[in-house]
Amino acid sequence: MDLETIFSICNAAVLPGWLLLAFAPRWRWTQRVAAGTAAALALVYLILIVPTFGKGEGSFGSLHGVGQLFARREVLLVGWIHYLVFDLFTGSWEVRDAARLGIPHWAVVPCLALTLLFGPVGFLGYLALRAALRRRLDIDDAVPAGMPAPPRGAPSPPPS
């Protein structure tokens, strides 16, 4: 399969997850679709990175070196899939975290759009929204109000 086709398939593959996160955040399959898509693309990433890793010019040690790496179309595609996976994972986390904290979903949707389009900008927007509504800046697994905290050292409950 040629690189353009893989690029097109990967771009299209993330859209259902993003649409479900935005428009059906509480549907029981939304998180499964988003996580499953991210996992499938991570597998594509792995399949593509193995034969290209360490071959060709470039490095992660300088901007020039990274430019040389991404001058190869195979590595550019792998880098793009990297973005797709982590942006979708981040958007999925934003939706779960907002639901857990009682943040209205309509307020999260612009952050999702920004996360899809500009990754870190959307994440930063969500963190700002979260901080403004909670009146504090933290990223922890704090227990929602009214729920007893587990004793120190106790294992975390399994995800539901």
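Before reading further, recall that the structure is shown in the block above.
In this report, we go over the structure that sits alongside the text. (Residues numbered from 1 in each chain as written. Predicted model: local features only at pLDDT ≥ 70, side-chain atom pairs only at ≥ 80, totals over all residues. Heavy atoms only, no water.)

Here the focus is the overall build of the chain. Assigned secondary structure in the chain consists of six helices and zero strands. Ordered by position in the sequence, the α and β elements of the chain form the string α-α-α-α-α-α. Across the 160 residues in the chain, those meeting the buried criterion constitute 32%. Across the chain, every contact between residues at least 6 apart in sequence was considered, and the portion connecting residues at least 24 apart equals 58%. Accessible area for the chain stands at about 10500 Å²; split by element, carbon and sulfur atoms hold 70% of it. (Helix = DSSP H or I, 4+ residues; strand = E, 2+ residues; numbered from the N terminus. Buried < 20%, exposed > 50% of the residue type's maximum accessible area, 1.4 Å probe, protein only. Contact = heavy atoms within 4.5 Å. Areas by Shrake-Rupley, 256 points an atom, 1.4 Å probe, with all protein chains shown as cover.)

Before going further, it helps to examine helix H6 (residues 120-134). The end-to-end C-alpha separation of H6 is 21 Å, in line with the 21 Å expected for 15 residues at 1.5 Å each. For H6, the complete set of buried residues consists of Gly-122, Tyr-126, Leu-127, Leu-129, Arg-130 and Ala-131. Buried-residue contacts for H6 involve helix H4 (73-101) and helix H5 (105-118). (Expected span 1.5 Å × (residues − 1).)

When the charged atoms of two side chains lie near each other, side chains of opposite charge can form a pair. Applying the stated criterion across every chain yields a total of four salt bridges. Its salt-bridge partner being Asp-97, residue Arg-100 comes within 2.8 Å of it at the nearest N-O pair. Residue Arg-100 and its partner Asp-97 are located together in helix H4, separated by three residues, close to a single helical turn. Under the relative-accessibility criterion, Arg-100 is labelled partly exposed at 29%. (Salt bridge = Lys/Arg side-chain N within 4 Å of Asp/Glu carboxyl O.)

Bringing the packing of helix H1 (residues 3-23) against helix H2 (residues 30-52) into the picture now. Relative to each other, H1 and H2 sit at 160°, their axes nearing to 8 Å. In terms of orientation, H1 lies roughly antiparallel with respect to H2. The hand of the H1/H2 crossing is left-handed. For the pair H1 and H2, contact is made by Ile-6, Cys-10, Ala-13, Val-14, Gly-17, Leu-20 and Leu-21 and by Thr-30, Gln-31, Val-33, Ala-34, Thr-37, Leu-41, Val-44 and Leu-48, respectively. Residues that form the contact of H1 with H2 fall into these classes: eleven nonpolar, four polar and no charged. (Axes fitted to C-alpha atoms, helices over the stretch in contact; angles between N-to-C directions. Parallel < 35°, antiparallel > 145°, perpendicular 65-115°, else oblique. Left-handed = near helix turned anticlockwise from the far one by under 90°. Nonpolar A, V, L, I, M, F, W, Y, C, P; charged D, E, K, R; others polar.)

With that settled, consider the packing of aromatic side chains. Taken as a whole and judged by the stated rule, the model has four aromatic pairs. Both rings, one in Trp-93 and one in Tyr-126, keep their centres 5.6 Å apart while their planes meet at 85°; by these two values the pair is edge-to-face. With Trp-93 in helix H4 and Tyr-126 in helix H6, this pair connects stretches of sequence that are 33 residues apart. Three or more aromatic residues link up through ring pairs in this structure, and these residues are Phe-7, Trp-80 and Tyr-83. Looking at Arg-32, its charged tip hangs above the ring of Trp-29, at a distance of 4.9 Å from the centre. (Phe/Tyr/Trp six-rings, centres within 6.5 Å; stacked < 30°, edge-to-face > 60°. Lys NZ or Arg CZ within 6 Å of the ring centre and 35° of its normal.)

With that settled, the discussion passes to a nonpolar patch on the surface. Judged by side-chain polarity, Leu-114, Leu-116, Leu-117, Phe-118 and Val-121 come together as a nonpolar surface patch covering roughly 450 Å² of accessible area. Per-element tally for the nonpolar patch: the top contributor is H5, with four residues. Within the fold, Leu-114 resides in helix H5. (Patch = residues over 30% accessible without salt bridge, like charges linked within 9 Å, V, L, I, M, F, W, Y side chains within 5 Å.)

This paragraph deals with the packing of H5 against H6. The description of two packed helices rests on the angle between their axes and on the distance between the axes. Packing of H5 against H6 leaves a shortest axis separation of 6 Å and a crossing angle of 155°. In terms of axis orientation, H5 runs roughly antiparallel to H6. Note on element contacts: H6 touches H5 through Pro-120, Val-121, Gly-122, Phe-123, Gly-125, Tyr-126 and Leu-129, opposite Ala-107, Val-108, Cys-111, Leu-114, Thr-115 and Phe-118. Classifying every residue of the contact of H5 with H6 by side-chain character gives ten nonpolar, three polar and no charged.

Honestly, it's all geometry; don't read function into it.
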